[in-house]
Amino acid sequence: MCGIIGYIGFRSASSVITEGLKHLEYRGYDSVGVAVVHQKKLNVRKDKGMVQDVSTKLDFTSMDGHMGIGHTRWATHGGVCKENAHPHTDCKKNVVLAHNGVIENFSALKADLASKGHIFDSETDTEIIAHLIEENMKNSKTSSFKEAFFTSLKSLEGSYALAAFAVDDSEERLFFARKNSPLVIGVGKDELLAASDIPAMLKYTKTFVPLEDGDVAILTKSGYKVYSLDGKEVSRKQMTVDWTAEMAQKGGYPYFMEKEINDQKHFINESLASDVTAAKSLIDQYENIHIIACGTSYHAGLMFSYLLGERGMSAQAYIASEYPYIVKPNKNTLVIAISQSGETADVLQALRYAKGCKKIAITNVVGSTITTIADCVVFINAGPEAGVAATKTFTCQLGIIYKIIYGKEKLESLSSLIEQMLKTEKKVKEIASALAKSENIFFIARGKNVPIAYEASLKLKEITYIHSEAYPGGELKHGPLSLISEGVPIIAIAPDDETLAKLFGNIKEAKSRGAKIISLTNNLDVQKESDFSIKLPELSSIDPMLYPFAMIIPLQLLAYHVSVLKGINPDRPRNLAKSLTVE
Ligand code: M6R
């Protein structure tokens, strides 16, 4: 996964692109580059590193020109180095190209191009596309870049969102193409953009045109046209979003993650305002429900399956990448896919596998690919999430799931509950200091608190690099207990509900083997057994069904504070990216 952006208009292209890349960095942040053309002269600057550092070092914004492209990379083919950073060019430094995705037949294409004399500067699959276009321009009678661009796309297998231009093109224009990787055109006044995601363009427009698979878009100063691969013009719907540019900023917080954790008290209300009627009525019609998702969204899906199960319905949550190996859905199966980005390749593949089934998508991103595949779409309305660690989108996913199951009335206190739990931060910081040097941290819970334990453990490991596992309490004795020795932290998710009696036994089991117990509880006996405890609201003041919302907030804060204490940037954990458009 990578982020791409292109600009044509009246502003400094390099400034617009650099600004946009900061918003796309969540998609990949190992290297960055910008290419602009000015009076038929190409200027490419790129290097490994994050946008802020590289753009300052190479003075991106001093590059003249009103048309250009930019890229922020998450390496797939070739290591992290300047040569592999995008944009890439052909032998003549005429064709300029940036790419998000994976070209699966790149080895064969590369060998063929090499045999025709092409010399490559990088190890990437992307560079071969620039050379392929160069080769096809040689072979076309007119040497037309447009013709060669279309011809080249037909040879590519795999996934791509491409941004490209030719320095010697007959007119100033940018080319874009998409197949299984997101791409949206931003339509401004006398200026046009295209990027992997909307927040990168919000400063300039609120009008967008999401492209579909197989689309090619050509942007000039006077407008845009969209074509199918065979060159026929097609029309694509424009839409407007009510996201503001400020929503995509840090708003005074040091990291997006902290802002996004705090924003949950507002966005939960936006989420609860979403219309779930159609989804609810579909769910009521089916006896067999499969929920597919990855990572954090999978944990929301798991919660969904517990809650539907409580209602006597047969619902199973599957990790999307495993789904095709486990079951064969049929027309009597309702498939619910949960994906914040709506672009996760594993989820899209699983949805495509569920041919013939009715499909519901629960997503945050208007115009994302998942919305084009599903029969029914529910938006979680969480606003743009820039931190790699999902926080507000998880609570908003839960908000939607709860609304589908319980209706909105019972959820009206959620915003104030979240606000109340944000006030545990002082205690959380104290616990973070005690845990920051740990090598292993375990989470335990039972029943529908288990998805919260999984999610808290994922959050912690992803941004602190501390090894962490979560288990249903009953599983401890079946193996993991052998890992518990003096001082090993166990975080027990122990609200005073139907799971407590048995979980209390598991806490004692661990404690008697030396574990350091950190609890989230509103039960006095559990508090007494604990080395540290985060207080949940008194039983008299909370509807027990809302415990998951109360518990996840301090656990997100805990991961965040441990990360910061360890000197890690929680928004950009190593080896990860926000939107995973490769399988
Ligand atoms: O966009 P999606 O919800 O489909 O993303 C799925 C996972 O990649 C994602 O939830 C990931 O696990 C989170 N970044 C973890 O915080």
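This is a predicted model, so every value here is computed, not measured.

Q: Which residues make up the sheet that holds strand β21 (residues 440-445), and what values do they have?
A: A sheet is described by the order of its strands in space; here 5 strands give the open sequence β22-β21-β23-β24-β25, paired in parallel fashion. Bordering the open sheet on either side are β22 (467-472) and β25 (532-535), each of which pairs with just one other strand. Strand-to-strand twist across the sheet, computed as the mean angle between neighbouring axes with direction ignored, equals 15°. Note that β21 and β22 share 6 bridges and pair parallel. Its bridge partner lying in β22, Ala-445 is registered against Pro-472. Against the sheet, helix α17 (residues 500-511) contacts β21, β23 (489-494) and β24 (516-521), and its axis sits at roughly 170° relative to β23.

Q: With reference to specific residues and values, describe the site of the ligand.
A: Taken together, 15 residues lie around the ligand, and Ser-297, Ser-339, Ser-341, Thr-344 and Glu-462 are the ones closest in. The side chain of Ser-297 places a nitrogen or oxygen atom 2.5 Å from an oxygen atom of the ligand. The contact in question runs from an oxygen atom of the ligand to an N or O atom on the side chain of Lys-459, over 2.8 Å. When the ligand sits alone it has 410 Å² of accessible area, and the protein chains cover 92% of it. The cavity that encloses the ligand is the largest pocket. Two domains each provide a minimum of three residues to the shell around the ligand, namely domain 2 (250-412) and domain 3 (423-570).

Q: How would you sum up the layout of surface pockets? Please name residues and give values.
A: Taken as a whole, the largest pocket holds about 520 Å³ of empty space. When contributions to the lining of the largest pocket are tallied by element, the ones reaching two or more residues are α9 (295-310), β18 (333-339), α11 (345-353), α13 (392-406) and α16 (450-464). Looking at the lining of the largest pocket residue by residue, the class counts come to 13 nonpolar, 9 polar and 5 charged. Of the pockets and cavities examined, the second largest pocket occupies roughly 360 Å³. Along the wall of the second largest pocket there are 17 residues; nearest its centre are Lys-22, Glu-25, Lys-250, Phe-256 and Arg-572. Elements that contribute at least two residues to the lining of the second largest pocket include exactly α1 (13-24) and α2 (51-57). Here the lining of the second largest pocket is built from residues that sort into 6 nonpolar, 4 polar and 7 charged. The two domains that each donate at least three residues to the lining of the second largest pocket are domain 1 (3-247) and domain 2 (250-412).

Q: Which residues make up the environment of Gly-78, and what are the values?
A: Secondary-structure assignment places Gly-78 in the loop between β4 (67-73) and β5 (88-89). Spatially, the C-alpha atoms of Gly-78 and Ser-115 are 21 Å apart, while their sequence positions differ by 37 residues. Not counting residues up to four positions away in its chain, the partners in contact with Gly-78 are Arg-73, Asn-84 and Glu-123.

Q: So what's going on with the domain arrangement of the protein chain? Which residues, and what values?
A: The assigned domain composition of the protein chain is domain 1 (3-247), domain 2 (250-412) and domain 3 (423-570). Centre-to-centre, using C-alpha coordinates, domain 1 lies 45 Å away from domain 3.

Q: Can you break down the sheet that holds strand β16 (residues 288-293) residue by residue, with the values?
A: Taking strand neighbours across the sheet as the criterion, the 5 strands line up as β17-β16-β18-β19-β20 in an open arrangement whose pairing is parallel. Edge strands, defined here as strands with exactly one partner in the open sheet, are β17 (314-319) and β20 (376-379). Across the sheet, the mean angle from the axis of one strand to that of its neighbour is 20°, orientation sign disregarded. Sheet topology places β16 next to β18; 5 bridges connect them, and they run parallel. Across the sheet, the residue bridging to Asn-288 is Thr-333, located in β18. Against the sheet, α13 contacts β18, β19 (358-363) and β20, and its axis sits at roughly 150° relative to β18.

Q: Quick rundown of unusual backbone geometry? Include the residues and the values.
A: Along the chain, His-86 connects to Pro-87 via a cis peptide bond; the corresponding omega equals -5°. With respect to the helices and strands, Pro-87 occurs in the loop between β4 and β5. With a phi angle near 60°, Asp-190 is a residue other than glycine that sits in the positive phi range. Mapped onto the fold, Asp-190 is located in the loop between β9 (184-187) and β10 (192-195).

Rules used in this analysis
Residues numbered from 1 in each chain as written. Predicted model: local features only at pLDDT ≥ 70, side-chain atom pairs only at ≥ 80, totals over all residues. Heavy atoms only, no water. Pairing = 2+ DSSP bridges. Helix = DSSP H or I, 4+ residues; strand = E, 2+ residues; numbered from the N terminus. Axes fitted to C-alpha atoms, helices over the stretch in contact; angles between N-to-C directions. Contact = heavy atoms within 4.5 Å. Near = heavy atom within 4 Å. Polar contact = N/O pair within 3.5 Å; in protein donor to acceptor, adjacent residues only side chain to side chain. Areas by Shrake-Rupley, 256 points an atom, 1.4 Å probe, with all protein chains shown as cover. 1 Å grid on protein atoms, 1.4 Å probe; cavity = no way out; pocket = protein on both sides within 12 Å on 5 of 7 lines; lining within 4 Å. Sits in = over half its atoms within 2 Å of the grid points. Domains from an automatic or database assignment. Points joined across faces, edges and corners; volume = space filled by probe spheres on them. Nonpolar A, V, L, I, M, F, W, Y, C, P; charged D, E, K, R; others polar.

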